[in-house]
Structures are given as structure tokens and as C-alpha cells.
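Per-entry structural report
Spelled out from the first residue to the last, the chains are:
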Amino acid sequence: LIHHLSIGIKPDQLEFEGSVYYHIFVLRAYLIAAEMAERFGINLYAAEGEQGQSFKGMFDVLVLLANPQGELSALHDGPFKRVPFAREISEIFEIGLRKYQNPAYIHLLADAYRQLNRDSSRRGLEALVFGTGDGDMHTDNYKKLSVLLPDSGFACLNHPNNALSLLVDFGAHGGSHGHYDKLNIVLNHKSGSLAPELGVVPYGSDLRKGWFAETISHNTVTVGGKSQKPHEGIYKKFELSPEYSFIRVSTNDAYPNCIMDRYLLLTEELLIDWFEVALDEEQEMDWSFHVPGGISVNGNWIEDNSALGETNGYRHIQSISYTTGQPYVEQCDMVLTVDPKTAAPDQAAKVSMSTLLYPTSKLYKVKSPGISVDPSQRIDGAIHRQTAKKARFLTVFIDGEKPVNIKSLGNHSNGEIIQISTEEKNWSFVLNSSGIIKI
Ligand SMILES: [Zn+2]
């Protein structure tokens, strides 16, 4: 078991495939073994791998990865939501709470019970057999912090005053349970999910490899209509301060002769997503973003039913409409709705997403297979396509329906300067290889 912990779990305590589902699968097996060993007078609950991997660490890393609702993203292979999986989560966290007494586990336990019982009441076999205490599931003091898992290659950006938070995946492919999804982001709002990992359908379905593992089903960039290679990206900078969280993630191995950099800055008010792609020859580059709660657009959109591609998942995408870039740089605004299936009751929170369109840009609104619980419930997506040797995708998200105003002040000696403003406030940033720097 200690050997298994040493080779199967990364030093940051996540299972090596980077899949939350398989992480829990393995942790549950460890706990079953520990329960049996205890009957023979052997205590395995404090077992440690060669680099400090432990059962407690495996619980704690799930707390770090959970979104503000206590939900776990379906990273890499695994179901989006499924009752037997929620039972497994409640089982392991009842055991974890009893053995390790970390009150943060209550937040994830409450979400598992919400899935099982529709409210977070602590009812069921798992609570009866493994639970302890008075059943109180209060989670009011729960604060999500920004965190980096350097070995597994995930980071979460949170700010206590911003309703938006995100997770970015840049780490190892994840073996046979991996997805071609480097630099993918998962976006959450405090009242529910905005742009989730879609999960995976049962393995018999063609959609498993044909859609859910493909790059275009994720919120990242696809080049030349082909999925990325299985590979590992890196982070180049991760910076935390009381004002902001910032990460720069990069990869040179997704495609031949292609450099990708994603810079993500979360402040008290804004989320800035700056994605830069450089190729050695002109190709189509697609920045994609999928929103189960829906995307609304207005303005100059042209109805469309063209095919955006045939292979690598593209045949499942249906174009609805598009808008094109002008000879000058122009902003396009969209409104995203939080998935009502995840939102707190009475809330249909909206988030504004604004992106800069360049002369080579074509922005499509699309429909594609839905979350893996029921892919036939097709969902909205946005695909920003640029055909060039080099592309910049600059997108700004803000809570509420009112968009920000983005203005580029052009290139200066230390990078491009952009101004972002709302009716009340404005900010200036310089974009350069050190990051998105407030000036
Ligand atoms: Zn995925």
C-alpha cells in the first residue's frame, strides 16, 4: 500500500491521472483496506508514501480543488454527476471527517448530500454507518483560496470579493483517463457553474473519445482543427496578493511548431483571460468556450449553419450564427447565464464576457453536445476563430449583465496597454511576458 501511495499519488496528493473520479476511486479502496487492517490491529490511516503522500492529504487536495459550492470538477475522465458517485463521495468524506476532523470536509459532504437528498441534510446509509457528530452541515465560514498543484498541474484562482473563480489545467495528460485539454479553464460563479468540465459518458459511447476527450469540447485553443497531442504543459508564474491572483501557463508541445501561453488574472472585479498562440505557418486557431446555462448575443450576428470541421469532435458542433472582425480592433459582448441546474434557488446569475475581435477574427455561436449526464441536451458555446500565424485572444469577464469597455492603447516599449472600464471604474494593464500588470 505504501508503494502504491508512492507511485500512484503525486507529491501534491492528487492521483496521477489528474482525474477527481479516479482519485476518489483509489482513496476509497485505500480506506476499505485500512478498515480491514484495523480489525487486525494495524493502523494504516497514518500511512505515508515516500514523498509524504497520505490519505489525509488526498482528502485535503479535494478541498483545494472544489469550487465555492463544494462541487468537484469532473477533471479528465469521470462522470459529471451520478448518484452512485455522490454516494462514494459521502462515504469517503464521512470516514475522513471522523478520522481526520478537518471541518472543511463538511463543505464537500454537504454537496454530496445535496446531490443525494436534494437538500444538504445528512441522511442515508453512509451517514448512519460512517458518520459521527450531530449532523450539522453548516458551511458559512468557508473561504476558497487560490492554490497551485505544481505536480499535477492544476491551479484555482479565487478572490474573496469576486463572484467568479476558475480552475486551469496544464499538467500531465493523465494516461488512459486523460483529455487533450491543456490550458483548459473551468469557470464558476458563486451561485453555480458557468463553464464546467463536461465529464465523460459511459465508456461504450462513441462520444467518450469522439467528443468529451477532444480539445474542442474544452475551454482552450484548438489549432488546425485537430486535438492537441497528449502532453504536459507548465506554469511559468503563479502570483498571489490580497488584490489579485495571477497565473501564466504555457505549452510548446500541443502541436508541432506551436507556442501557447495563457495568462489569467483574477482581481476583486475582473477576470482577464489573455491567450497567445504563435505558429510557424498560417492556420486556423479556435478559442472555444462552452456554457450549459446559455450564451446570449446581440448586434450584428449573421445566421449560419456551416460546418466548422469534420474530425476531432468538430462534427458534433453546429454553427448557429457568427460575427466577423472589422479592419480595426472591436469589442464583442456576450452574456453568460449560470447553469440553473447548479444555481442556488431564485438566482439566474449573469456574467458578461467581452472579447476583442481582430481583422482576422470570426466569432461563432454554436451548439454542441451537453454535459455528460445527457449529451442530447445540447448547450451553447462560443468559438473565436483566427486564421493567421499568430493570434491573441483577449477576453474579460465580469459579474452581472453590464459589459466592461475594453480599449487597446496600442503597443508601447513594454507591451500592449489596455484600458478596461465600467461606468464607475477604470483600470489600465500592460500585457507582456511578465503577465497582466496593473499600471
Ligand atoms: Zn475534459
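This text follows the structure it describes.
This section reports on the structure supplied with the text. Owing to the predicted nature of the structure, the values given are computational and were not obtained by experimental measurement. (Residues numbered from 1 in each chain as written. Predicted model: local features only at pLDDT ≥ 70, side-chain atom pairs only at ≥ 80, totals over all residues. Heavy atoms only, no water.)

**With respect to the pairing of strand β10 (residues 270–291)**
The element β10 is largely enclosed, with a buried count of 16 among its 22 residues. When strand β6 (residues 221–223) meets β10, the two strands line up antiparallel, connected through three bridges. Bridging across to β10, Val221 finds its partner in Trp287. Pairing of strand β9 (residues 258–267) with β10, which is carried by nine bridges, proceeds in the antiparallel orientation. Note on β10: the bridge partner recorded for Leu266 is Leu271. Two elements, β10 and strand β17 (residues 379–399), share 18 bridges in a ladder whose sense is antiparallel. Bridge assignment links Ala278 to a residue of β17, and that residue is Lys390. (Buried < 20%, exposed > 50% of the residue type's maximum accessible area, 1.4 Å probe, protein only. Helix = DSSP H or I, 4+ residues; strand = E, 2+ residues; numbered from the N terminus. Pairing = 2+ DSSP bridges.)

**Notes on a nonpolar patch on the surface**
Taken together, the side chains of Leu125, Leu128 and Val129 make up a nonpolar region of the molecular surface, amounting to roughly 350 Å² of accessible area. Note that Leu128 resides in helix α6 (residues 125–130). Residue classification places Leu128 among the exposed residues on the basis of a relative accessible area of 71%. (Patch = residues over 30% accessible without salt bridge, like charges linked within 9 Å, V, L, I, M, F, W, Y side chains within 5 Å. Areas by Shrake-Rupley, 256 points an atom, 1.4 Å probe, with all protein chains shown as cover. Salt bridge = Lys/Arg side-chain N within 4 Å of Asp/Glu carboxyl O.)

**Some remarks on unusual backbone geometry**
Of note in the backbone geometry, Leu183 takes a positive phi value of approximately 70° without being a glycine. Within the secondary structure, Leu183 sits in the loop between β3 (164–169) and β4 (184–189). The class of Leu183 is buried, set by a relative accessible area of 0%. The phi angle at Asn257 is positive, at roughly 50°, despite the residue not being glycine. Relative to the helices and strands, Asn257 is located in the loop between β8 (244–251) and β9.

**Let's talk about helix α4 (residues 83–100)**
Over its 18 residues, α4 extends 25 Å from the first C-alpha to the last, a length consistent with the 26 Å expected when each residue adds 1.5 Å. Counted residue by residue, α4 has 13 buried out of 18 residues, so it is predominantly covered. Trailing α4 by a residue or two, Gln101 shows a phi angle of about 55°, which is positive. (Expected span 1.5 Å × (residues − 1).)

**Looking at the coordination of the zinc ion**
Around the zinc ion, the protein contributes the donor atoms His179 (ND1), Glu197 (OE), Glu197 (OE) and His218 (NE2), which lie 2.0 to 2.8 Å from the metal centre. Sequence spacing of the donor residues for the zinc ion, all on one chain, is H-x17-E-x20-H. Taken together, the residues span a long stretch of sequence, with His179 in the loop between β3 and β4 and His218 in the loop between α7 (207–212) and β6 at a distance of 39 residues. A residue is classified by how much of its surface remains accessible, and His179, at 0% relative accessible area, is buried. Judged by relative accessible area, which is 2%, His218 ranks as buried. (Donors = N, O, S within 2.8 Å, 3.2 Å for Na, K, Ca; no water.)

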